[in-house]
Amino acid sequence: MSMDGVLRLYFGESNLPTPEYIKEAAIRAMHDGFTFYTENAGLPSTRRALADHYRAMQSVELDPASEIIVTASGVQALNLGIRAVLDPGDDALVLTPAWPNGSSSIMMANANVLQIAHPLCGQRYAIDFAALEAAVTPRTRMLLYTSPSNPLGWVATDAEQQGLLDFARRHNLWLIADEVYDRLYYAGSRLGEPVPSILRKATRDDAMIVIHSFSKSYCMTGWRVGWLIGRRDLIAKATQLIEFVVSHAPTFGQKAGEAALTRGEDELGRMLERLKQNRDLCLEALRGLPGVTVPKPDGAFYLFPRLAGLTDSFGFCRDLLMETRVGLAPGVAFGEGGEGSFRICYAAEMSILEPAMERLTRFLRAGV
Ligand SMILES: Cc1ncc(COP(=O)(O)O)c(C=O)c1O
């Protein structure tokens, strides 16, 4: 990180600043006195805005008073949800390759992580339901999956969502869905259409938790505001637990989040156009390179190419950095099934992305 002149495609964020209308909403909120403590579960107005958002975007009815809690980021929602369902010694299933913070939170709860890798079937990642069945123990309490996925860009199909829900119901498990990238979706009937949430299939009585965040859709990574949706008993527990961690999400940040939910569509649409172009540029550059398999991702802002014969993705990324000053994330960082691949975050602007892809493809060609 201290090296000069690096084209950085390793972080999971775009280098676009937070839109002005969101910053203005936060400043206005501070002037309006939103600088005090709020309810542990977040401002009632923010929870109402979230419920309205789910009604409009997903046709899902949520009770803002009992089924939603505003959190201090998506990672805090993930941590809170996991800690609310696991006891020490429990087993937890995680679909990987995945952002490692879920597995780390499980370990922080003194529980055991069982990673089940997404198999690459032709040009698409899938779910190994047989491996999931075989991994269940009497202590298994939960299954965590991420769709759209970081790092794969994979999006669960309707049938895969149903399969996960049936599996969780059959084994009496909590199903935790990380949906923080649901607005970054390129395979809908139009750009801007969200990935259908698992909440459309699950009932409000299912043991279901959805993790979400303002970070990715609204360029608000530094603000630390997210949310968690869950069954009423889980939300009651999480509302107690958050008191002892951060008490609640930042007050003016919650007001800024409301502005994002109600006024964010135009800016989001422009960002999606740009991200789709970036994705296609990277796909074009990588396709046809010898030894490279690159599934077309339908969501998020990552590509996860697999390189034939690669057994040390960390070494590969280090050599790439040293020789070309391009920074990528090694696949091994994302757990089971990640080795042999590397992650490209294509949310950077073209002036960074184009030369980075040019250097990467030259490096890959030279390595063959
Ligand atoms: C899959 C996934 N979930 C959750 C998060 C958390 O985002 P934040 O804590 O910024 O809200 C991230 C961030 O990279 C992520 O990739």
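The paragraphs below set out a description of the structure included in this document. Every chain's residues receive numbers from 1 upward, in the order its sequence appears when written. Side-chain atom pairs in this predicted model are given and counted only at pLDDT of 80 or more, local residue features only at pLDDT of at least 70, and totals for whole chains, interfaces and linings cover all residues. By convention in this description, side-chain values take in all heavy atoms of the structure and omit both hydrogens and water.

## Some points on the overall build of the chain
- Tallying secondary structure elements over the chain gives eleven helices and 16 strands in all.
- Dimensions of the chain along its principal axes, counting C-alpha atoms only, are 60 × 50 × 40 Å.
- Throughout this description, buried means an accessible area under 20% of the type-specific maximum (1.4 Å probe, protein chains only), exposed means over 50%, and partly exposed covers the range between. Looking at the chain as a whole, 55% of its 368 residues are labelled buried.
- Every residue pair with non-hydrogen atoms within 4.5 Å of one another is taken to be in contact. At a minimum sequence separation of 6, the contacts of the chain that also span at least 24 residues come to 73%.
- Only the protein chains shown count as covering a residue, and every accessible area follows the Shrake-Rupley method with a 1.4 Å probe. Carbon together with sulfur atoms contributes 53% to the accessible area of the chain, which is approximately 15,200 Å² in total.
- Residues scored as positive are Lys and Arg, those scored as negative are Asp and Glu, and His as well as the terminal groups of each chain are ignored. Where a charge sits is defined by one atom per residue type, namely NZ (Lys), CZ (Arg), CG (Asp) or CD (Glu). Measuring between centres, the 37 positive side-chain charges of the chain sit 1 Å from its 42 negative side-chain charges. Numbering of helices and strands starts at the N terminus; helices are DSSP runs of H or I of at least 4 residues and strands are runs of E of at least 2.

## Here's the deal with the nonpolar core
- Take the buried Ala, Val, Leu, Ile, Met, Phe, Trp, Tyr and Cys residues and link them wherever side-chain atoms come within 4.5 Å; each set so joined is a nonpolar core. Ranked by size, the top nonpolar core spans 65 residues in total, and within it Met142, Leu286, Phe301 and Leu360 carry the most contacts.
- Ranked by residues supplied to this core, first place goes to helix α9 (residues 265–286) with seven residues.
- Look past the residues within four positions of Phe301 in its chain and what remains in contact with it is Gly12, Glu13, Tyr181, Leu184, Tyr186, Lys216, Leu275, Ile344, Cys345, Tyr346 and Ala347.
- If you look at the next biggest cluster of nonpolar residues, it comprises 51 residues, including Tyr10, Leu164, Ala259 and Ala260.

## Here's the deal with the environment of Thr71
- Here Thr71 is to be found in strand β2 (residues 68–71).
- In sequence terms Thr71 and Gly226 are 155 residues apart; their C-alpha atoms lie 4.9 Å from each other.
- Leaving out residues up to four positions away in the same chain, Thr71 has contacts with Gln76, Ala77, Leu80, Arg224, Val225, Gly226, Trp227, Leu228, Ile242 and Ala249.
- Reaching out from Thr71, the side chain makes a polar contact with the backbone oxygen of Ser73 at a distance of 2.8 Å.
- There is a polar contact of 3.3 Å between the side chain of Thr71 and the backbone nitrogen of Trp227. N or O atoms closer than or at 3.5 Å make up a polar contact, with two conditions inside protein: a donor-capable atom paired with an acceptor-capable one, and, for residues adjacent in sequence, both atoms drawn from side chains.

## Some points on the packing of aromatic side chains
- When two rings of Phe, Tyr or Trp (its six-membered ring) have centres within 6.5 Å they constitute a pair, described as stacked for plane angles under 30 degrees, edge-to-face for angles over 60, and tilted for the intermediate range. Tallying each qualifying case throughout the model produces ten aromatic pairs.
- Plain terms: the ring middles of Phe304 and Phe334 are 6.0 Å apart, the flat faces sit at 85 degrees to each other, and that makes the pair edge-to-face. With a gap of 30 residues between them, Phe304 in the loop between β12 (302–303) and β13 (306–307) and Phe334 in the loop between β15 (329–330) and β16 (342–345) connect regions that are remote in the sequence. Like Phe334, Phe304 is buried.
- Each ring, one from Phe316 and one from Phe342, has its centre 5.0 Å from the other, and the planes form 25 degrees; the classification is stacked. One end of the pair, Phe316, is in helix α10 (residues 313–324); the other, Phe342, is in strand β16, with 26 residues separating them in the sequence.

## Focus: the site of the ligand
- Within the structure, the ligand sits among 13 residues, and Gly74, Asp178, Ser213, Ser215 and Lys216 are positioned closest to it.
- Between an oxygen atom of the ligand and a main-chain N or O atom of Val75, the distance comes to 3.0 Å.
- With respect to the ligand, the side chain of Ser213 contributes an N or O atom lying 2.6 Å from an oxygen atom.
- Protein coverage of the free-state accessible area of the ligand, which is 390 Å², stands at 94%.
- The classification used treats Ala, Val, Leu, Ile, Met, Phe, Trp, Tyr, Cys and Pro as nonpolar, Asp, Glu, Lys and Arg as charged, and all other residues, Gly among them, as polar. A class-by-class count of the residues in the shell around the ligand yields four nonpolar, six polar and three charged. Any residue with a heavy atom lying within 4 Å of a molecule or strand is counted as near it.

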